[in-house]
Amino acid sequence: MTAPTLDLLCIGNAIVDILAPVSHETLAALGSPAGSMTLIDAAQAADIEARIVPEEVMGGGSAANTAVVAARLGARVGYLGKVAADEAGLGYAADLSAQGLAYPSVPVENADRPTARCIILVTPDGQRTMHTYLGICTEFGPEDVDRDAVSSAAVTYMEGYLFDKERAQEAFVLAARTAHAAGRRVALTLSDTFCVARHRAAFRALVAGHIDILFANEAEICALYETESFDVAAEAAGRDAALVVLTRSEKGAVVISEGKSRAVPTDSVAVVDTTGAGDAFAAGFLAALANAHTLEACAALGNRAAAAIITHMGARPSETFTLR
Ligand code: 26A
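Note that the structure is a prediction, hence the values are computed from the model and not measured.

S.K.: What's the story with the overall build of the chain in this structure? I'm lost.
M.R.: In terms of helices and strands, the chain carries 12 helices and 13 strands. Looking at the chain as a whole, 55% of its 324 residues qualify as buried. Taking contacts inside the chain between residues at least 6 apart in sequence as the whole, the part at least 24 apart equals 73%. Approximately 13,600 Å² of the chain is accessible, and the part contributed by carbon and sulfur atoms is 52%. The distance from the centre of the 24 positive side-chain charges to the centre of the 39 negative ones in the chain is 6 Å.

S.K.: Is there a simple way to explain the site of the ligand in this structure?
M.R.: For the ligand, the set of nearby residues contains 18 residues, the closest of which are Asn 13, Asp 17, Gly 61, Asn 65 and Asp 279. At a separation of 2.4 Å, an oxygen atom of the ligand approaches a polar side-chain atom of Asp 17. In the environment of the ligand, an oxygen atom lies 2.9 Å from a nitrogen or oxygen atom belonging to the side chain of Asn 65. Broken down by secondary-structure element, the contributors of at least two residues to the shell around the ligand are strand 2 (15-21), strand 3 (37-39), helix 3 (62-72) and strand 7 (128-133). Taken together, the residues of the shell around the ligand break down into 7 nonpolar, 8 polar and 3 charged.

S.K.: Is there a simple way to explain the packing of helix 11 (residues 277-290) against helix 12 (residues 295-310) in this structure?
M.R.: When two helices pack together, their arrangement is given by the angle between their axes and by how far apart the axes lie. Between helix 11 and helix 12, the shortest axis-to-axis distance is 7 Å and the interhelical angle comes to 145°. Considering the relative orientation of helix 11 and helix 12, their crossing is right-handed. Counted together, Ala 277, Ala 280, Phe 281, Gly 284, Phe 285, Ala 288 and Leu 289 of helix 11 and Leu 295, Ala 297, Cys 298, Ala 299, Leu 301, Gly 302, Asn 303, Ala 305, Ala 306, Ile 309 and Ile 310 of helix 12 form the full contact between these two elements. Of the residues contributing to the contact of helix 11 with helix 12, the split by class is 15 nonpolar, 3 polar and no charged.

S.K.: Just checking my understanding: could you explain the packing of helix 3 against helix 11 for this structure?
M.R.: Where helix 3 contacts helix 11, the axes come no closer than 8 Å and their chain directions differ by 45°. Overall, the two elements helix 3 and helix 11 adopt an arrangement that is oblique. Pair helix 3 / helix 11 crosses with right-handed handedness. The residues of helix 11 that touch helix 3, namely those facing Ser 62, Asn 65, Thr 66, Val 69 and Ala 70, are Asp 279, Ala 280, Ala 282, Ala 283 and Ala 287. When the residues that make up the contact of helix 3 with helix 11 are grouped by side-chain class, the tally is 6 nonpolar, 3 polar and 1 charged.

S.K.: I keep staring at the confidence of the model for the chain and nothing clicks. Help me out?
M.R.: Keep in mind that low pLDDT regions are not for reading the predicted coordinates in detail. Chain-level pLDDT for the chain is 94 on average; 98% of the residues reach the 70-or-more range. If you check the scores for this complex, the pTM reads 0.94 and the ipTM reads 0.94.

S.K.: I would appreciate a short explanation of the packing of aromatic side chains in the present structure.
M.R.: For any pair of aromatic rings, the description rests on two quantities: the centre-to-centre distance and the angle between the ring planes. What the rule picks out here adds up to 8 aromatic pairs. For the ring pair Tyr 79 and Tyr 92, a centre distance of 6.4 Å and an interplane angle of 55° mean the geometry is tilted. Residue Tyr 79 is located in strand 5 (residues 77-80), and its partner Tyr 92 is located in helix 4 (residues 87-98); the two are separated by 13 residues in the primary sequence. Grouping residues by exposure puts Tyr 79 and Tyr 92 together as buried. Among the aromatic residues, those joined into a ring-pair cluster are Tyr 157, Phe 215, Phe 281 and Phe 285. The ring centre of Phe 230 lies 3.7 Å from the NZ or CZ of Arg 248, which sits over that ring.

S.K.: Looking at this model, I keep getting lost on the sheet that holds strand 3. Mind explaining?
M.R.: Read from one edge of the open sheet, 5 strands run 3-7-6-2-4, paired in mixed fashion. In the strand order of this sheet, the two ends are held by strand 3 and strand 4 (56-60), each with one partner. Neighbouring strand axes in the sheet, compared pairwise and without regard to direction, differ in orientation by 20° on average. Pairing of strand 3 with strand 7, which is carried by 3 bridges, proceeds in the parallel orientation. Of the residues in strand 7, the one forming a bridge with Met 37 is Met 130. Strands in contact with helix 2 (residues 42-51) are strand 2, strand 6 (116-122) and strand 7; relative to strand 6, the strand with the most contacts, it is inclined by about 40°. Seen against the sheet, helix 4 touches strand 2 and strand 4 and runs at an angle of roughly 75° to strand 4.

S.K.: Mind showing me how you'd approach the sheet that holds strand 10 (residues 213-217) here?
M.R.: Within a sheet, adjacent strands bond to each other through the backbone by hydrogen bonds, running parallel or antiparallel. In spatial order, the strands read 5-1-8-9-10-11-12-13; together these 8 strands make up an open sheet with mixed pairing. The open sheet is flanked by strand 5 and strand 13 (260-264), the only strands paired with a single partner. Within this sheet the neighbouring strands show an average axis-to-axis angle of 15°, counted without direction. Both strand 8 (residues 153-159) and strand 9 (residues 185-189) contribute to a ladder of 5 bridges, which runs parallel. Note on strand 9: the bridge partner recorded for Glu 159 is Thr 189. Running at roughly 165° to strand 5, helix 3 makes contact with strand 1 (6-11), strand 5 and strand 8 of the sheet.

About the thresholds
- Starting afresh in each chain, residues are numbered from 1 along the sequence in its written order.
- Thresholds applied to this predicted model are a pLDDT of at least 70 for local features of residues and 80 or more for the giving and counting of side-chain atom pairs; totals over whole chains, interfaces and linings are not thresholded and use all residues.
- Heavy atoms from the whole structure form the basis of all side-chain values; hydrogens and water molecules are not counted.
- Strands here are runs of E lasting at least two residues and helices are runs of H or I lasting at least four, both read from the DSSP assignment and numbered beginning at the N terminus.
- Only protein chains enter the area calculation, which uses a 1.4 Å probe; residues under 20% of their type maximum are buried, those over 50% are exposed, and those in between are partly exposed.
- When checking whether two residues touch, look at their non-hydrogen atoms; a contact exists if any pair is within 4.5 Å.
- Per-residue and other accessible areas were derived by the Shrake-Rupley procedure at a 1.4 Å probe size, with only the shown protein chains allowed to occlude residues.
- Counting rule for charge: Lys and Arg are taken as positive, Asp and Glu as negative, and neither His nor the chain ends is counted.
- For charged residues, the charge sits on one atom: NZ in Lys, CZ in Arg, CG in Asp, CD in Glu.
- Residues are classed as near a molecule or strand on a simple rule: at least one heavy atom within 4 Å of it.
- Under the rule applied, a polar contact is a pair of N or O atoms within 3.5 Å (in protein, one hydrogen donor and one hydrogen acceptor; residues adjacent in sequence only if both atoms are side-chain atoms).
- Note that Gly is not counted as nonpolar here; it falls among the polar residues with everything else outside the nonpolar set of Ala, Val, Leu, Ile, Met, Phe, Trp, Tyr, Cys and Pro and the charged set of Asp, Glu, Lys and Arg.
- Every axis corresponds to a line fitted to the C-alpha atoms, with the helix fit spanning only the stretch in contact, and the corresponding angles, defined between N-to-C directions, vary from 0 to 180 degrees.
- Two helices that cross are described as forming a left-handed crossing if the nearer one is turned anticlockwise from the farther one by less than a right angle, and a right-handed crossing if clockwise.
- When describing relative orientation, an angle under 35 degrees is termed roughly parallel and one over 145 degrees roughly antiparallel, while 65 to 115 degrees is termed roughly perpendicular and anything else oblique.
- Confidence scores here are pLDDT values: one per residue, from the predictor, ranging 0 to 100.
- Ring pairs are drawn from Phe, Tyr and Trp, using the six-membered ring of Trp, whenever the two centres fall within 6.5 Å, and their geometry is named by plane angle: stacked under 30 degrees, edge-to-face over 60, tilted for the rest.
- Two conditions define a charge sitting above a ring: the NZ of Lys or the CZ of Arg must be within 6 Å of the ring centre, and it must be within 35 degrees of the ring normal.
- Here the rule is simple: two strands pair whenever DSSP picks up at least two bridges between them.

Right under this line is the structure:
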């Protein structure tokens, strides 16, 4: 087995994030519950964009956020995700490359749909309400799995959000098989309780058959094992994946491996914007894992990366971001 040349390869829905501060009144006028994620079509996206003043536009998508934060923490990271060769898509590819990521995906010429976008409305209480237009990103299929990139990465990390269409599900299995054939590890984040509810059986089979490292928050892991008890869900997950990493918001994280469960508390912080907290946690955890830290230290770095993200606007660290 050759030494990996990437610590981490992330695969997910490639989405341009448009962040805008809004009042509670503006949010109420749109009719979206605060803190929710709503899928929208192109016309709805244009309508919302006409009512807001964006503060930031950047490459987003859950797994891409993880990739960017891990790179900022010094890990060698790549990203695979599908964009169109339109202004947003070319900007996306350039943006992620500028963040130091290997970005082998080629923007699709003459695509029948534009690049995906997520309009993130942030209210004064720091809550983020997302409206996502998925465009071309969900067309990700087995042909988009760059096998060389997967084989060269110590860990391939896939996002549950992408696990919606059959071709993407085939891509997950192909990526996992390719990684394992090269002696690498495969990680999955469950992303959202809606995803879990939609594909529960398929996710359970994926986790039991192909996943070495599972990330989830409390609600997602309970949804996966159809229980209201965190402990029951955590124990079930521990039987299915070798390493299970669960986040519990202000209660910190729980790491399970070899039948042993460890709770790793987190410090409380003043929340500005929770966008990308889970993504950043996974980045901190995986960046530390690449340096062979103990599981407790990995979770502690995950907690600190998440805290750094939620104390400012957006899913990316501020320029002065450091964990030392
Ligand atoms: C399938 N959907 C809806 C999505 C997303 C998504 N990433 C992947 N798939 N909807 C929103 N996001 C991303 O979540 C990040 C915050 O965790 C946003 O792009 C945002 O960067």
